[in-house]
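Observations on the three-dimensional arrangement
The lines below spell out each chain.
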Amino acid sequence: MRIMMFGTREDELNAANEWAARNDIEVVFDKGPLTMDNADVLKDFDGVTTSQTAPFDDAIYERLRELGIKQVAQRSAGFDMFNLDKATENGLIISNVPSYSPNAIAEYAVMAAMNIIRNTKMIQNKLKQHDFTWNKAIISKEMRSMTVAIIGTGRIGTITGRILHGFGAKVIGYDLYPNEEAKTFLTYTETLEEAIAQADLISIHMPLTKENHHMFNAELFAKMKKGVFIVNTARGGIVDTKALIDALNSGQVTAVALDTYENEATYFPKDFSDKKVEDEMLLHLIDREDVFISQHIAFYTETAVMNLVEGGLDSVKQVIEMGTCDNRVN
Ligand code: NAD
């Protein structure tokens, strides 16, 4: 069996090589993403795993079928880069790695929340100016005095809520499908509006779907408590970024932490240090003191990377050997 591993980063090599040795399967690495230009290489392979961030060209699915490929195993939880209907039409099994370390993202969300609550960006900027004063602009709230709304109480949301509950926050939650574990420390609201209206801090942990694209828009921001803090480690497309900037400008939102950004595909995770970033909105977010932004890095821990590599390769092997896999999403 030969597996092509697209989008391979250096930090994935150890786990991939160990998996290959353990399973006695050849894994070939390619640093780049799977595209229409390089898909033909797959004629010599049995299976493929990707670590895609941008949407695939719709033509890829037919091409993969023609090449005899039966599956694509994405090494992430999100699978919004796939057109699942087109994949299914072409007999392709798409899989993700649904749970590789929810703690990694949850811990990052908490860290990001603490950063915006404690004004760390502002404090660091003052420090760089050698302004060592304390003043009202940088006085902080304490988590224990806040009501936190977790929107999407799945694996990551539940852990985030539990950690913040440990800080002493009052935790409430909204989910289409409430879960029993979360009920042990949070109170569910019936609607999203009820949750966001009570919250001092809102942390978003739901997947991006057709239904919730730009769900966090001007209308929703207006229904929040004035001065709310927002953390989005889920998907950029859930938030209307332009409306968010307006809400920050008006003071409706005090500060925001974004590990995901709706137009991130061109930039995250690429090196633009010697290239021009054309996206004015991204540049603006990076510059703002009330925005703590990062390059979709919340998942990035040693444990998570190992679990992602093994999860992706396991799915390839399962499909080839059994015709399906545990983590099939279509
Ligand atoms: P999960 O499937 O365990 O939980 C998602 C929860 O959201 C579910 O309980 C679901 O019922 C709920 N939900 C779905 N649509 C909803 C809606 N419209 N309103 C309210 N609730 C809704 O997923 P998870 O493992 O907790 O991951 C959550 C998201 O985090 C992923 O979908 C992904 O987008 C994001 N993520 C980000 C990173 C990162 O590095 N920043 C890494 C992994 C995952």
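The model shown is predicted, which means the values in this text are computed figures rather than measured ones.

Some details on the domain arrangement of the protein
Buried accessible area, meaning the area lost when the parts come together, often serves as the stated size of an interface. For the protein, the assigned domains read domain 1 (2-100 + 302-322) and domain 2 (102-293). The C-alpha-based centres of domain 1 and domain 2 are spaced at 31 Å. On the side of domain 2, 8 residues touch domain 1, which itself brings 8 residues to the contact. Summed over both sides, the interface between domain 1 and domain 2 buries roughly 640 Å², with carbon and sulfur atoms accounting for 55% of that surface. At the boundary of domain 1 and domain 2, one finds 1 salt bridge. For Asp 80, the salt bridge is made with Arg 235, and the minimal N-O distance between the two is 3.1 Å. Inspection of the domain 1/domain 2 interface yields 1 residue pair in polar contact (both at pLDDT 80 or more).

Here's the deal with the packing of aromatic side chains
For the structure shown, the criterion picks out 4 aromatic pairs. Ring geometry for Tyr 100 and Phe 299: centres 6.3 Å apart, planes at 85°, overall edge-to-face. Of this pair, Tyr 100 sits in the loop between strand S5 (93-95) and helix H4 (102-117) while Phe 299 is found in the loop between strand S12 (291-293) and helix H11 (302-322), placing the two residues 199 residues apart along the sequence. Tyr 100 sits in the buried class, given a relative accessible area of 10%. For Phe 299, a relative accessible area of 16% gives the class buried.

Section: the site of the ligand
The immediate surroundings of the ligand are formed by 22 residues, with Arg 155, Ile 156, Asp 175, Thr 233 and Asp 259 found nearest. Take Ile 156: an N or O atom from its main chain is 2.8 Å from an oxygen atom of the ligand. Thr 233 has a polar backbone atom sitting 2.9 Å from a nitrogen atom of the ligand. Here the ligand has 870 Å² of accessible area as a free molecule, and 86% of this is covered by the chains. Class assignment for the residues of the shell around the ligand results in 12 nonpolar, 6 polar and 4 charged.

About the cut-offs
- Residues numbered from 1 in each chain as written.
- Predicted model: local features only at pLDDT ≥ 70, side-chain atom pairs only at ≥ 80, totals over all residues.
- Heavy atoms only, no water.
- Domains from an automatic or database assignment.
- Contact = heavy atoms within 4.5 Å.
- Buried area = accessible area lost by both parts, 1.4 Å probe.
- Salt bridge = Lys/Arg side-chain N within 4 Å of Asp/Glu carboxyl O.
- Polar contact = N/O pair within 3.5 Å; in protein donor to acceptor, adjacent residues only side chain to side chain.
- Phe/Tyr/Trp six-rings, centres within 6.5 Å; stacked < 30°, edge-to-face > 60°.
- Helix = DSSP H or I, 4+ residues; strand = E, 2+ residues; numbered from the N terminus.
- Buried < 20%, exposed > 50% of the residue type's maximum accessible area, 1.4 Å probe, protein only.
- Near = heavy atom within 4 Å.
- Areas by Shrake-Rupley, 256 points an atom, 1.4 Å probe, with all protein chains shown as cover.
- Nonpolar A, V, L, I, M, F, W, Y, C, P; charged D, E, K, R; others polar.

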